[in-house]
Amino acid sequence: MADYNPYENMLHVLDKAAEKLGMTKNEYEFVRYPERELTVSLPIVMDDGHVEVFSGYRVQHSTARGAAKGGIRFHPASDENEVRALAAWMSIKNAIGNIPYGGAKGGIKVDPKKLSERELQRLTRTYVRRIAPFIGTDKDVPAPDVNTNAQIMAWIADEYSAITGEWTPGVVTGKPIVAGGSLGRNEATGRGLTYTLETWCEKKGLAMKDLTLAVQGFGNVGSVGSLLMHRAGVKVIAIGDIDGSLYNPNGIDVEKAYVYANSHGRSLKGYEEEGATFIPNEELLKLPVDVLFMAALENQLHAGTMEGVKAKVILEGANGPTTEEADDYFEAKGIEVLPDVMSNVGGVVGSYYEWVQNKTGLYWTEEEYNARLKDNMRRSYEDVDAIRQQYHVTYRLAAYMLALKRIVEAQNTRGFLG
Ligand code: NAD
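Notes on the structure follow. Counting from 1, residues in each chain are numbered in the order their sequence is written. Per-residue local features are limited, in this predicted model, to residues with pLDDT of at least 70; the limit for side-chain atom pairs, both in listing and counting, is 80 or more; totals at the level of whole chains, interfaces and linings are taken over all residues. To get the side-chain values, all heavy atoms of the structure are used, and hydrogens and water are removed first.

## A few points about the packing of aromatic side chains
Two aromatic rings are characterised by how far apart their centres lie and by the angle between their planes.
Link 1 in the chain: Pairs were defined over the aromatic rings of Phe, Tyr and Trp, the Trp ring being its six-membered one, requiring ring centres within 6.5 Å. Orientation was assigned from the angle between planes: stacked under 30 degrees, edge-to-face over 60, tilted for the rest. Summed over all chains, the structure comprises nine aromatic pairs.
Link 2 in the chain: Each ring, one from Tyr-101 and one from Trp-355, has its centre 5.0 Å from the other, and the planes form 65 degrees; the classification is edge-to-face. With Tyr-101 in the loop between helix H3 (80-96) and strand S5 (103-108) and Trp-355 in helix H12 (residues 346-360), this residue pair connects regions lying 254 residues apart in the sequence.
Link 3 in the chain: Only protein chains enter the area calculation, which uses a 1.4 Å probe; residues under 20% of their type maximum are buried, those over 50% are exposed, and those in between are partly exposed. What makes Tyr-101 buried here is its relative accessible area of 0%.
Link 4 in the chain: With relative accessibility at 9%, the residue Trp-355 sits in the buried group.
Link 5 in the chain: Ring centres of Tyr-381 and Tyr-395 lie 5.5 Å apart, and the angle between their planes is 75 degrees; this geometry places the pair in the edge-to-face category. Residue Tyr-381 is located in helix H13 (residues 366-391), and its partner Tyr-395 is located in helix H14 (residues 395-414); the two are separated by 14 residues in the primary sequence.
Link 6 in the chain: Here the aromatic cluster, defined as three or more aromatic residues joined through ring pairs, consists of Tyr-101, Tyr-352, Tyr-353, Trp-355, Trp-364 and Tyr-369.
Link 7 in the chain: Any Lys NZ or Arg CZ that is within 6 Å of a ring centre and within 35 degrees of that ring's normal is treated as a charge sitting over the ring. One Lys or Arg, Arg-372, reaches over the ring of Trp-364 and ends 4.4 Å from the middle of that ring.
Link 8 in the chain: Geometry around Tyr-395 places Arg-388 over its ring, the cationic atom sitting 4.3 Å from the centre. Each helix is a run of DSSP H or I of at least 4 residues and each strand a run of E of at least 2, with the numbering of both proceeding from the N terminus.

## Comments concerning the pattern of salt bridges
Link 1 in the chain: In what follows, salt bridge is the name for a side-chain nitrogen of Lys or Arg lying within 4 Å of a carboxyl oxygen of Asp or Glu. A full pass over the atoms with the stated rule returns 32 salt bridges.
Link 2 in the chain: Close ionic contact of Asp-158 with Arg-125 constitutes a salt bridge, the shortest N to O distance being 2.9 Å. Of this pair, Asp-158 sits in helix H5 (residues 150-164) while Arg-125 sits in helix H4 (residues 117-131); the two residues are 33 residues apart in sequence, bridging distant segments of the chain.
Link 3 in the chain: Judged by relative accessible area, which is 16%, Arg-125 ranks as buried.
Link 4 in the chain: Two residues, Arg-388 and Glu-336, come together in a salt bridge whose shortest N-O distance is 3.8 Å. Remark: Glu-336 occurs in strand S13 (residues 336-338) and Arg-388 occurs in helix H13; sequence separation between them is 52 residues.
Link 5 in the chain: Salt bridges sharing common partners tie together Lys-203, Lys-204, Glu-336, Glu-382, Asp-385 and Arg-388.

## Considerations on the side chain of Glu-82
Link 1 in the chain: Mapped onto the fold, Glu-82 is located in helix H3.
Link 2 in the chain: Every residue pair with non-hydrogen atoms within 4.5 Å of one another is taken to be in contact. Each residue touching Glu-82, except ones within four places of it in the same chain, is listed here: Pro-6, Arg-73, Ala-77 and Glu-298.

## Some points on the site of the ligand
Link 1 in the chain: Close to the ligand lie 23 residues; Asp-145, Thr-189, Phe-218, Val-221 and Asn-319 are nearest.
Link 2 in the chain: Between the ligand and Arg-73 there is a distance of 3.0 Å, counted from an oxygen atom to a side-chain nitrogen or oxygen.
Link 3 in the chain: We define a polar contact as two N or O atoms separated by no more than 3.5 Å, with the added condition that, inside protein, one atom must be a possible hydrogen donor and the other a possible acceptor, whereas residues neighbouring each other in sequence contribute only through side-chain atom pairs. Measuring from an oxygen atom of the ligand, one finds a backbone N or O atom of Asn-147 at 3.0 Å.
Link 4 in the chain: Surface exposure here means Shrake-Rupley accessible area, sampled with a 1.4 Å probe, where a residue is shielded only by the protein chains that are shown. Summarising the interface, the protein chains cover 88% of the accessible area of the ligand, which totals 830 Å² for the free molecule.
Link 5 in the chain: Elements supplying a minimum of two residues to the shell around the ligand: helix H6 (185-204) and helix H7 (220-231). Any residue with a non-hydrogen atom lying within 4 Å of a molecule or strand is treated as near it.

## Examining empty space enclosed by the protein
Link 1 in the chain: Only protein atoms enter the 1 Å grid, on which a cavity is a set of points fitting a 1.4 Å probe that cannot get out and a pocket is an open set with protein on both sides within 12 Å along at least 5 of 7 lines, lining residues being those with an atom within 4 Å of a point. Grid points are joined across faces, edges and corners, and a volume is the space filled by probe spheres set on the points. Per the counting criterion, the structure on display carries two cavities of 30 Å³ or more.
Link 2 in the chain: Each pocket or cavity is described by its volume, and for the largest cavity that value is around 70 Å³.
Link 3 in the chain: Together, Tyr-4, Asn-9, Val-13, Trp-89, Gly-320, Thr-322, Asp-327, Asp-340, Arg-396 and Tyr-400 line the largest cavity.
Link 4 in the chain: Among the elements of the structure, helix H1 (6-21) and H14 are those that each provide at least two residues to the lining of the largest cavity.
Link 5 in the chain: The residue makeup of the lining of the largest cavity, split by class, is four nonpolar, three polar and three charged. Nonpolar residues are Ala, Val, Leu, Ile, Met, Phe, Trp, Tyr, Cys and Pro. Charged residues are Asp, Glu, Lys and Arg, and all others, Gly as well, are polar.

## Concerning unusual backbone geometry
In terms of backbone geometry, most residues other than glycine have negative phi values and most peptide bonds are trans.
Link 1 in the chain: Positive phi is not limited to glycine here, since Asn-98 has a value of about 55 degrees.
Link 2 in the chain: In this fold, Asn-98 is placed in the loop between H3 and S5.
Link 3 in the chain: Its relative accessible area of 38% is what places Asn-98 among the partly exposed residues.
Link 4 in the chain: Phi is positive for Arg-266, close to 60 degrees, though the residue is something other than glycine.
Link 5 in the chain: Secondary-structure assignment places Arg-266 in the loop between helix H8 (254-263) and strand S10 (277-279).

## Quick word on H13
Link 1 in the chain: For H13, which comprises 26 residues, the first-to-last C-alpha distance of 38 Å matches the rise-based estimate of 38 Å (1.5 Å per residue) to within 8%.
Link 2 in the chain: Of all the residues in H13, the buried ones are Tyr-369, Asn-370, Leu-373, Asn-376, Met-377, Ser-380, Tyr-381, Val-384, Asp-385, Ile-387 and Arg-388.
Link 3 in the chain: Buried residues along H13 sit against H3, H6, S13, helix H11 (340-343), H12 and H14.
Link 4 in the chain: After H13 finishes, the residue His-392 shows a positive phi value of roughly 55 degrees. Each residue after the first adds 1.5 Å to the expected span of a helix.

Below, the structure written as structure tokens:
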């Protein structure tokens, strides 16, 4: 899949959505281009004294609906193309969640596991200094993504505040509670995905306890999501992460696996449970489960893997796990895909709630936060579903149609430059 270009993938779906809506190229052409792209070099003095220069990126795809918003990823495969696609998906997602944001994303090409904590902190702070003129509470607001966490968000808030000379927690979301974070944010993406699956079940006349599930990725999204689904009665029979895939046909004790992973560097390596074995990672995608929950990275379900999939529904927690080709294949096979831009919107909706609290200085209870999140997840699903039924299209195409309409309407109302 060397020639896979996630931005091209995104554009194809966007063009299809515009065609279905009967939009002319003039009306939506601006959405096909990111508004602003920044590449930065990040020289870091490593612990042993030598200097290493890393590459960092920040792409603001759209600000039509409000401040740019989207996470920051630390990954060796991060590059301009990946970040560009992730930024565009954020614009789509924020429009579906109907929150007042455009879309952005950031990344640093690095394997953070190879850095000491001091190196990681220096890298994060250097990145903030480089992108500082482009971010801000009402400008562009980062958040966590793959391999970044609440601690890193705290460093970002701290460094930015040192630059501006005032404590500015709203410049970044996903912070620890003591540093302006919000109760509920850490679980928001996984919780939101659980609400999405519940809504799908209701529409199908199924109960959560009737479902079996395999999850790829056991980080923030996969672990919280599968834990909450497990608590709702879903039988989780496989959990995969970068180190291997745990399989137990009788159902994994997700509570135990969750605690284990969180106390073992977020890995299930060495985990033991009666009836459980480790299987090769590629086998996980082929298991005969009801739900295949994708919660690792993009480009996992493609021409080389799609034919093995036996699930009835694919729940996308990760951004972009399914290529366009695999999407078409699943549609032809009657396998439903609950797409990233609708299903994992809980993360950014939760970030929006944190940002609102930072701006007002009034902090909510976790119950209030979760109730609002549930409401938003349901509304997002129903808005997409209404278009899906009206136009007889997939969830993904319906989601893009809804988002495109909202982005174009916002920009038209504000007026065009040029
Ligand atoms: P994370 O770093 O916490 O976890 C990533 C997980 O994927 C880890 O368990 C890792 O071992 C696993 N993984 C990586 N490569 C793999 C591979 N090749 N095979 C199997 N497992 C693999 O990241 P996260 O925050 O949970 O994000 C996961 C996905 O969800 C990403 O696509 C991210 O963009 C998306 N997402 C995250 C959030 C959020 O709030 N964190 C919100 C929306 C979407």
